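Fold and contact review
One letter stands for each residue in the lines below.
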Amino acid sequence: MSLKISTLPILTFFSIFFPLTNSVVFNYPAVFNFGDSNSDTGGLVAGLAEPLDPPYGQIYFQKPSGRFCDGRLIIDFLMDAMDLPFLNPYLESIGIPSFKKGCNFAVAGSTILPATATSVSPFSFGIQVAQFLRFKDRVLDLLAKSKKFEKYLPPEDSFGKGLYMFDIGQNDLAGAFYSKSLDQILASIPTILAEFEAGIKKLYDQGARNFWIHNTGPLGCLAQNVAKFGTDPSKLDELGCVSSHNQASRLLNLQLHVLCKKLQGQYSDANVTHVDIFTIKSNLIGNYSRYGFEQPIMACCGYGGPPLNYDSRIPCGQTKVVNGSSATAKGCSDSTEYVNWDGIHYTEAANQYVSSQILTGKYSDPPFSDDMPFLLKLKF
């Protein structure tokens with residue numbers, strides 16, 4: 001499944017990758033990303049020393065890379081498409097990480113709402129935005145002191161000309177289902193989005209002008225949620241996904257889309273692009289065989305075998321004692337046949353498919369697919 005468009009001249013790519021609504025030249029010098037495990041390139045591992053063992057990372061990196069995947073994430077493919085290097089996590093302190101082309105504040109398990117004592121990640125969206133503000137201040141301070149830092153840090157104009165990407169909100173919904181009713185969760189969505197809007201405003205006030213916002217995918221189609229909430233067949237839809245979880249995803253996405261329209265109207269000198277990840281992923285799960293996959297919901301790396309190969313007691317790559325016996329959650333023989341990697345996250349193959357669909361421009365508002373002057377080389 002080869003996705004290669006980095007040969008496209010940068011200026012040409014950016015002039016079509018986003019509509020020139022404000023006569024701005026889209027030639028992004030840097031990317032600043034905020035989110036959860038869908039775009040975490042090592043934040044949780046660095047920040048909380050969270051163990052991530054093989055077979056994570058086996059496909060592309062040949063070892064665990066801090067990504068909750070067997071290889072690359074959607075953000076990795078998008079960075080590659082923009083001819084930019086993969087983003088280093090803000091929390092990484094070892095190996096002299098370069099932030100010249102941007103920084104990744106995403107951390108697995110993060111929510112839009114402030115973290116609680118039971119949260120997987122303390123780095124909620126508000127914290128990530130605060131980390132960005134400190135990052136920017138420190139960068140400007142260091143650049144003013146010495147030119148030697150220019151090799152590793154983004155120049156000052158990158159903060160105004162850079163692309164700000166967001167993929168967060170999935171955990172606000174997923175975690176809530178363990179303690180709240182569907183009605184309570186649906187009623188909380190405006191509060192979730194108000195917190196998101198507050199973060200966007202802080203970034204705008206700091207000079208951010210290019211916003212790229214992913215909506216949330218079909219939560220009910222993750223093996224983790226099917227195993228926990230889908231034991232009653234009447235709770236599942238025609239695809240075998242948990243109906244209530246997907247209903248919550250749809251409502252969050254509907255209101256997020258409205259918010260993006262509001263932000264574009266409010267910030268007339270900004271570019272706000274909303275990307276419909278839900279539709280892309282739902283189409284993949286509903287028509288998986290058409291795109292070369294054999295398993296739409298069952299986890300590649302897990303324990304228990306069909307139909308889900310998922311056991312919440314044994315995370316991918318780990319060995320636990322279950323019912324008095326040792327059990328290991330192992331990877332499947334060919335992850336390219338699977339949409340789902342570990343019951344919660346997608347495989348590299350699925351991420352590459354999703355990325356290819358994003359890059360058609362058809363799933364964005366505003367769209368950017370009218371005059372695409374190149375063809376994507378895909379396996380399907």
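Just so we're clear, the structure is a prediction, and the values are computed from it rather than from any experiment.

Take the state of the cysteines next. One pass over the full model with this rule turns up 3 disulfides. There is a disulfide in this structure between C221 and C241, and the S-S distance comes to 2.1 Å. Torsion about the S-S bond of the C221 and C241 cystine: about 100 degrees, corresponding to right-handed handedness. You can see C221 sitting in the loop between β4 (210–214) and α8 (223–229) and its partner C241 sitting in the loop between α8 and α9 (243–266), a full 20 residues away along the chain. Residue classification places C221 among the buried positions, given a relative accessible area of 3%. The disulfide that involves C300 links it to C332, with 2.0 Å between the sulfurs. Since a negative S-S torsion denotes a left-handed disulfide, the C300-C332 link at about -95 degrees is left-handed. Here C300 is found in the loop between β6 (295–299) and β7 (319–322), whereas its partner C332 is found in the loop between β8 (325–328) and β9 (338–340), with 32 residues between them in sequence. You can call C332 buried: its relative accessible area is 17%. When the bonded cysteines of the chain are counted from the start of the sequence, the pairing works out to 1-2, 3-6, 4-5.

The predicted model of the chain has a mean per-residue pLDDT of 91, with 90% of residues at 70 or higher. Long-range and interchain partners of residues 370–380, a stretch whose pLDDT sits below 50, account for 28 contacts in this model, where long-range means more than four residues apart.

Attention now goes to the sheet that holds strand β1 (residues 31–35). Across the sheet, which stays open at both edges, the 6 strands sit in the order β2-β1-β3-β4-β5-β10 with mixed pairing between neighbours. Taken across any chain shown, the strands that pair with only one partner, and hence form the sheet edges, are β2 (102–104) and β10 (364–365). Sheet topology note: the strand β3 (residues 163–167)/β4 ladder contains 4 bridges and is parallel. From the neighbouring strand, L163 faces β4, where its bridge partner is N210.

With 24 residues, helix α7 (residues 182–205) extends 35 Å between its outermost C-alpha atoms, agreeing within 8% with the 34 Å of an ideal straight helix rising 1.5 Å per residue. Of all the bends in α7, the largest measures some 35 degrees and sits at S188, one to four residues before the proline P190. Taken as a whole, α7 has its buried residues at I185, L186, S188, I189, I192, L193, F196, E197, G199, I200, L203 and Y204.

Here the focus is the nonpolar core. Residues F32, Y164, F166, F196 and F211 are the most contacted members of the largest nonpolar core, which totals 85 residues. Element by element, the count of residues in this core is highest for α7, at 9 residues. Not counting residues up to four positions away in its chain, the partners in contact with F211 are Y164, F166, I200, L203, Y204, A270, N271, V272 and T273. Judged by nonpolar contacts, the second largest core, of 14 residues, contains Y56, F68, V107 and F123.

Thresholds, definitions, all that
- Residues numbered from 1 in each chain as written.
- Predicted model: local features only at pLDDT ≥ 70, side-chain atom pairs only at ≥ 80, totals over all residues.
- Heavy atoms only, no water.
- Disulfide = S-S within 2.5 Å.
- Helix = DSSP H or I, 4+ residues; strand = E, 2+ residues; numbered from the N terminus.
- Buried < 20%, exposed > 50% of the residue type's maximum accessible area, 1.4 Å probe, protein only.
- pLDDT = per-residue confidence, 0-100.
- Contact = heavy atoms within 4.5 Å.
- Pairing = 2+ DSSP bridges.
- Expected span 1.5 Å × (residues − 1).
- Bend = angle between axes of the 7 residues up to and from the residue.
- Core = buried A, V, L, I, M, F, W, Y, C linked by side-chain atoms within 4.5 Å.

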